[in-house]
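# Results of the structural survey
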Amino acid sequence: MKDKSWLLLLYGLPTKRSAERVSLWRKLKKFGAVQLKSSAYVLPDTPTQYERFQWLSRELQDAGGEATLIRVAQIEGVTSGQIVQLFNEARAVEYKDLAEVCRETLARYKRKDGMDLAAELANHQKRLREIRETDYFNSPAVHDVQILIERLEKLLSPRKGEVVALKADAARFVGRVWLTRPQPGIDRAGSAWLIRKYIDRKARFVFGMEPSKHPNTVPFDMADAEFSHHGENCTFETLVIRFGISDEAVLKMAEMVHDADLEDGKFQRCECVGINSVLAGWAKSGLSDDVLLDKGVECFEGLYRSLTN
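A brief look at the structure comes next. (Residues numbered from 1 in each chain as written. Predicted model: local features only at pLDDT ≥ 70, side-chain atom pairs only at ≥ 80, totals over all residues. Heavy atoms only, no water.)

### A closer look at the environment of Cys-272
Summarising the element assignment, Cys-272 is placed in helix H9 (residues 271-284). Along the primary structure Cys-272 and Arg-21 are separated by 251 residues, whereas in three dimensions their C-alpha atoms are 44 Å apart. When residues no more than four places from it in sequence are discounted, the contact partners of Cys-272 are Ile-186, Met-256, Val-257, Ala-260, Phe-300 and Leu-303. (Helix = DSSP H or I, 4+ residues; strand = E, 2+ residues; numbered from the N terminus. Contact = heavy atoms within 4.5 Å.)

Structure (structure tokens):
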């Protein structure tokens, strides 16, 4: 990754200034700054972030502390790519927390406990906008939340989900390139296996966050994509329905992927939970997206064989 320019805030506060310390932490969190050391925070070098750090520096000094604001092209011992990863990991935690809240809203809606779905959806959308404002490097985790919020939106406007009932002609998708998000998990790996197994044995896959930057590809398991989560279905289930796949083993696998991906216990299947954990572990080990997807496809081929032999 090409080196970027960074803003580094170094500070010190007297130990008795606990209220000021908490206030500082809240503001740094609001700005989306990430911590490099105990008293060092970093933000991308933009005019807005520079103004924010200048303002915090004055506040620290007014509170009897010390503050030094530095603009740097490199930070010794840390690459730009590693700093970007820190930002993406911080936003991923926030997206995960919001995803859990969205899942709870879905579960409560199914229990018909008299909730105000429109009001809760508005709160979730507001929180998503807040996180996006500090998602400076477009964390891949955003799509998980976007898909969940789409599911909630479709509960209020059911007609948005009618595309699922339309059958797709597999012949139209032979020779196409399929686009999905980086660091493929259980649903994307399973969907890739399904695509190669039943739609195009030579299907190629690329990774990105914005379909507009990859014209002529077929997006899947992405927000606003034709082949993604629709209604209560994960992407694997959507593909099974859209392409009319009736293989009994695949139908069982669809239940397994659903439970591992959506974590709603709908089918009480646990077989793919382990595969999901393995994929997450491989992702943390630094494997490329291509290798990670290939390994996931191999896992699903093994699972399919276990169900058919």
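### Thoughts on the pattern of salt bridges
Here the structure, examined in full by the defined rule, presents 22 salt bridges. Between Arg-181 and Asp-221 there is a salt bridge whose closest N-O contact spans 2.7 Å. Of the two residues, Arg-181 sits in the loop between strand E5 (177-180) and helix H6 (186-198) while Asp-221 sits in the loop between strand E7 (217-219) and helix H7 (235-242), which places them 40 residues apart along the sequence. We note that Arg-181, like Asp-221, is buried. Among the charged side chains, a salt-bridge network with shared partners connects Asp-144, Arg-181, Arg-188 and Asp-221. (Salt bridge = Lys/Arg side-chain N within 4 Å of Asp/Glu carboxyl O. Buried < 20%, exposed > 50% of the residue type's maximum accessible area, 1.4 Å probe, protein only.)

### Examining helix H1 (residues 18-31)
Owing to its 3.6 residues per turn, the α-helix aligns residues three or four sequence positions apart on the same side. Taking 1.5 Å per residue, 14 residues should reach 20 Å; H1 reaches 20 Å between its end C-alpha atoms and fits that length. A positive phi of about 80° marks Gly-32, the residue just after H1. (Expected span 1.5 Å × (residues − 1).)

### Examining the nonpolar core
By size, the foremost hydrophobic cluster in this structure holds 40 residues, and its most contacted members are Trp-178, Trp-193, Phe-227, Phe-236, Cys-272 and Phe-300. It is helix H8 (residues 248-262) that provides the largest number of residues to this core, a total of 8 residues. (Core = buried A, V, L, I, M, F, W, Y, C linked by side-chain atoms within 4.5 Å.)

### Overview of the side chain of Thr-180
The residue Thr-180 is located in strand E5 in this model. Sequence-distant contacts of Thr-180, defined by excluding residues within four places in its chain, comprise Arg-188, Val-206, Phe-207, Gly-208, Phe-220, Asp-221 and Met-222.

### With respect to the packing of aromatic side chains
The relative placement of two aromatic rings is captured by the distance of their centres and the angle of their planes. Overall, the coordinates contain 17 aromatic pairs when judged by the stated rule. Aromatic pair Phe-173 and Phe-243: ring centres 5.6 Å apart, planes at 80°, arrangement edge-to-face. With Phe-173 in the loop between helix H5 (142-156) and E5 and Phe-243 in the loop between H7 and H8, the pair connects residues that are 70 residues apart, well separated along the chain. The ring of Trp-282 carries the charged tip of Lys-295 above its face, separated from the ring centre by 4.8 Å. (Phe/Tyr/Trp six-rings, centres within 6.5 Å; stacked < 30°, edge-to-face > 60°. Lys NZ or Arg CZ within 6 Å of the ring centre and 35° of its normal.)

### Structural notes on the state of the cysteines
Taken as a whole and judged by the stated rule, the model has 0 disulfides. Distance from the sulfur of Cys-299, which forms no disulfide, to the nearest cysteine sulfur (Cys-272) is 9.4 Å. (Disulfide = S-S within 2.5 Å.)

### Considerations on the sheet that holds strand E4 (residues 66-72)
Through backbone hydrogen bonds, the strands of a sheet pair up, either in parallel or in antiparallel fashion. Spatially, the 4 strands line up as an open sheet ordered E2-E3-E1-E4, and their pairing is antiparallel. Edge strands, defined here as strands with exactly one partner in the open sheet, are strand E2 (34-37) and E4. In this sheet, adjacent strand axes meet at a mean angle of 30° when their direction is disregarded. (Pairing = 2+ DSSP bridges. Axes fitted to C-alpha atoms, helices over the stretch in contact; angles between N-to-C directions.)

### Observations regarding the environment of Lys-252
Structurally, the position occupied by Lys-252 is in helix H8. Along the sequence, Lys-252 and Leu-287 sit 35 residues apart, while their C-alpha atoms lie 29 Å from each other.

### Section: the layout of surface pockets
In this structure, the largest pocket encloses a volume near 1,600 Å³. Lining the largest pocket are 47 residues, and of these Ala-92, Ala-141, Asp-144, Gln-183 and Arg-188 lie nearest its centre. Of all the secondary-structure elements, those providing two or more residues to the lining of the largest pocket are helix H3 (80-111), H5, H6, H8 and H9. Broken down by element, the residue count for the lining of the largest pocket peaks at 12 residues, all from H3. A class-by-class count of the residues in the lining of the largest pocket yields 22 nonpolar, 11 polar and 14 charged. There is about 270 Å³ of room inside the second largest pocket. Every residue lining the second largest pocket is listed: Lys-29, Lys-30, Phe-31, Gln-49, Arg-52, Glu-94, Arg-127, Glu-130, Ile-131, Glu-133, Thr-134 and Tyr-136. When residues of the lining of the second largest pocket are traced back to their parent elements, those giving at least two are H1, helix H2 (47-62) and helix H4 (117-133). The greatest single-element share of the lining of the second largest pocket, amounting to 4 residues, is contributed by H4. Looking at the lining of the second largest pocket, its residues break down into 3 nonpolar, 2 polar and 7 charged. (1 Å grid on protein atoms, 1.4 Å probe; cavity = no way out; pocket = protein on both sides within 12 Å on 5 of 7 lines; lining within 4 Å. Points joined across faces, edges and corners; volume = space filled by probe spheres on them. Nonpolar A, V, L, I, M, F, W, Y, C, P; charged D, E, K, R; others polar.)

Just distances and angles here, no functional claims.
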